[in-house]
Amino acid sequence: MENKIYVFDTTLRDGEQVPGCQLNTIEKIELARSLEMLNVDIIECGFPASSPGDFNSVVEISKNVTEPVICALTRAVESDIDAAKEALHYARRKRIHTGIGTSDYHIKYKFNSTREEILERAAKAVGYARRFTDDVEFYAEDAGRTDNDFLAKVIETAIAAGATTVNIPDTTGYCTPWEYGEKISYLVNNVPNIHKAIISTHCHNDLGMATANTISGIMNGARQVEVTVNGIGERAGNTSLEEVAMTLKCRKDLPYYTEIKHKNIYKTSRLVSTLMRMPVQPNKAIVGRNAFAHSSGIHQDGVLKNKESYEIIDPMDVGINDSLIALSARSGRAALKHHYERLGINLTPDELNEAYRKFLMLADRKKDINDADLRVIVGVNRNEATRRIRLKFLQVMCGKNSVPMATVKLNIDGEICQATSSGNGPVDAAFTAVKKLINRKIVVEEFLVQAITRGCDDVGKVHIQVENRGNTYYGFSANTDIVTASVEAFIDAISKFI
């Protein structure tokens with residue numbers, strides 16, 4: 001049996017059924033082209049009979065995408081199949097995907113029918129679709145909850161009528177991997193004409209087992225997987241394309257492969273997220289922003305010594321430049337040193353210790369430490385070492401209907417001085433207190449506050465320009481507390497002429 005696994009992408013059909021994530025035709029074409037670059041084998045573009053928009057999207061994608069098979073979904077209804085035939089007119093390689101519910105839930109409550117009628121309708125739909133293309137796929141909706149004996153009869157009937165692929169959907173995400181694998185194995189061993197068709201998996205993630213079920217299906221005889229990028233889809237979503245593709249690539253003991261161009265995975269994931277306005281959860285396998293991030297000091301040290309200590313996938317294999325050694329309060333000196341070396345900053349052991357102390361203080365107050373923060377930490381350390389004036393204590397009080405007050409304590413050449421002043425705001429009050437202690441005429445000519453990154457907990461940079469006796473001096477500092485940053489920048493400027 002061939003070990004290639006055909007990738008049937010249904011991001012544009014099943015994936016797009018997420019409420020609020022509908023795409024227009026232009027967006028669908030852009031995404032279809034990205035899927036073509038990802039090298040998927042089949043693209044299910046839509047359900048032409050469902051709306052004029054879906055019909056038009058299948059038409060336009062058929063014109064613009066040439067390598068993958070272009071597939072259109074239908075019910076076991078002749079008018080649906082007619083719509084699919086028309087929509088696929090321009091496709092170089094076309095497939096009609098038709099089918100019907102086969103579980104007793106669907107037969108009784110959805111169709112108010114019988115098993116005999118379902119078999120008849122399945123055969124009729126497949127036979128009608130074969131008039132227009134030799135590539136017909138049949139789906140047995142809710143196969144996951146369908147009795148295996150009856151499912152085998154349905155699949156045998158569909159293949160006899162001309163189906164070249166048979167889709168075994170776990171529509172409700174009910175199956176366990178053991179159950180789903182056993183179901184595929186049962187069909188392989190009990191459908192006499194099964195060798196004439198490819199078995200396809202189509203698993204939903206309601207119980208979080210879609211990828212596991214899909215891999216189990218492959219191991220038991222399925223050779224096509226129906227997936228979506230980022231695992232999007234109705235309810236809890238579909239099997240994730242990237243999870244299946246990387247499982248087969250990563251697990252060398254599984255003798256199966258896809259022809260997916262793995263380095264395009266991350267780029268395609270970002271495009272789907274952007275176009276569908278649907279963020280990827282940070283801990284999403286393969287493509288989540290934390291998938292290759294390490295924040296524990298122990299893990300970081302291990303990864304820096306040998307990536308395989310904690311990574312089973314090279315991030316570059318999916319199009320991500322490198323692992324992220326995320327800096328947090330749990331990070332160690334090895335991670336901090338790594339980041340400074342990456343920035344081209346070489347610190348002595350004493351400088352590293354001092355930077356690490358400052359880093360921990362900042363990390364306790366700020367969620368994400370970035371390159372700008374690291375540069376600020378080093379810059380502040382070095383500036384402080386040469387200052388004659390240092391801030392030892394700062395307390396401000398302000399609020400609606402109250403006069404802003406600030407108490408400042410400075411170390412001036414080893415002597416501790418303190419002053420309290422009021423002002424038009426907390427910064428003005430603090431500056432006035434500093435001026436009392438310095439006893440110099442100082443004019444603030446420019447005062448600029450800038451957020452380094454987004455977020456209310458991020459570090460703010462303060463640049464200040466002051467004038468004294470006709471000369472201009474500049475000061476700089478940064479802190480998550482913007483008043484503290486302002487006072488330290490003010491002192492930084494003053495230190496240059498005192």
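Residues numbered from 1 in each chain as written. Predicted model: local features only at pLDDT ≥ 70, side-chain atom pairs only at ≥ 80, totals over all residues. Heavy atoms only, no water.

J.: How would you summarise the sheet that holds strand E12 (residues 405-412) if you had to cite specific residues and measurements?
T.: In space, the three strands of this open sheet follow the order E11-E12-E13, with antiparallel pairing throughout. At either end of the open sheet lies a strand with only one pairing partner, and these are strand E11 (389-397) and strand E13 (415-422). Going across the sheet, the axis of each strand differs from the next one's by a mean of 15 degrees, ignoring polarity. Here eight bridges tie E11 to E12, and the two strands are oriented antiparallel to one another. Along E12, the bridge assignment pairs Ile-389 with Ile-412. Helix-sheet contacts for helix H15 (residues 426-438) involve E11, E12 and E13, and the interaxial angle to E12 is about 40 degrees. Across the sheet, helix H16 (residues 482-494) is in contact with E11 and E12; its angle to E11 comes to roughly 145 degrees. (Pairing = 2+ DSSP bridges. Helix = DSSP H or I, 4+ residues; strand = E, 2+ residues; numbered from the N terminus. Axes fitted to C-alpha atoms, helices over the stretch in contact; angles between N-to-C directions. Contact = heavy atoms within 4.5 Å.)

J.: I'd like to hear about the packing of helix H1 (residues 25-38) against helix H2 (residues 52-64), residue by residue, with values.
T.: One way to put it is that H1 packs onto H2 with a least axis distance of 9 Å and a crossing angle of 40 degrees. Between H1 and H2, the angle falls in the class oblique. H2 is crossed by H1, and the crossing has right-handed handedness. Two secondary-structure elements touch here, H1 through Thr-25, Lys-28, Ile-29, Ala-32, Arg-33 and Glu-36 and H2 through Gly-53, Asp-54, Asn-56, Ser-57, Glu-60, Ile-61 and Asn-64. (Parallel < 35°, antiparallel > 145°, perpendicular 65-115°, else oblique. Left-handed = near helix turned anticlockwise from the far one by under 90°.)

J.: Report on the environment of Val-443, specifying residues and quantitative values.
T.: Structurally, Val-443 is set in strand E14 (residues 443-451). Its relative accessible area of 34% is what places Val-443 among the partly exposed residues. Separated by 24 residues in sequence, Val-443 and Glu-467 have C-alpha atoms that sit 5.1 Å apart. Other than its neighbours up to four places away in sequence, Val-443 contacts Gln-465, Val-466 and Glu-467. (Buried < 20%, exposed > 50% of the residue type's maximum accessible area, 1.4 Å probe, protein only.)

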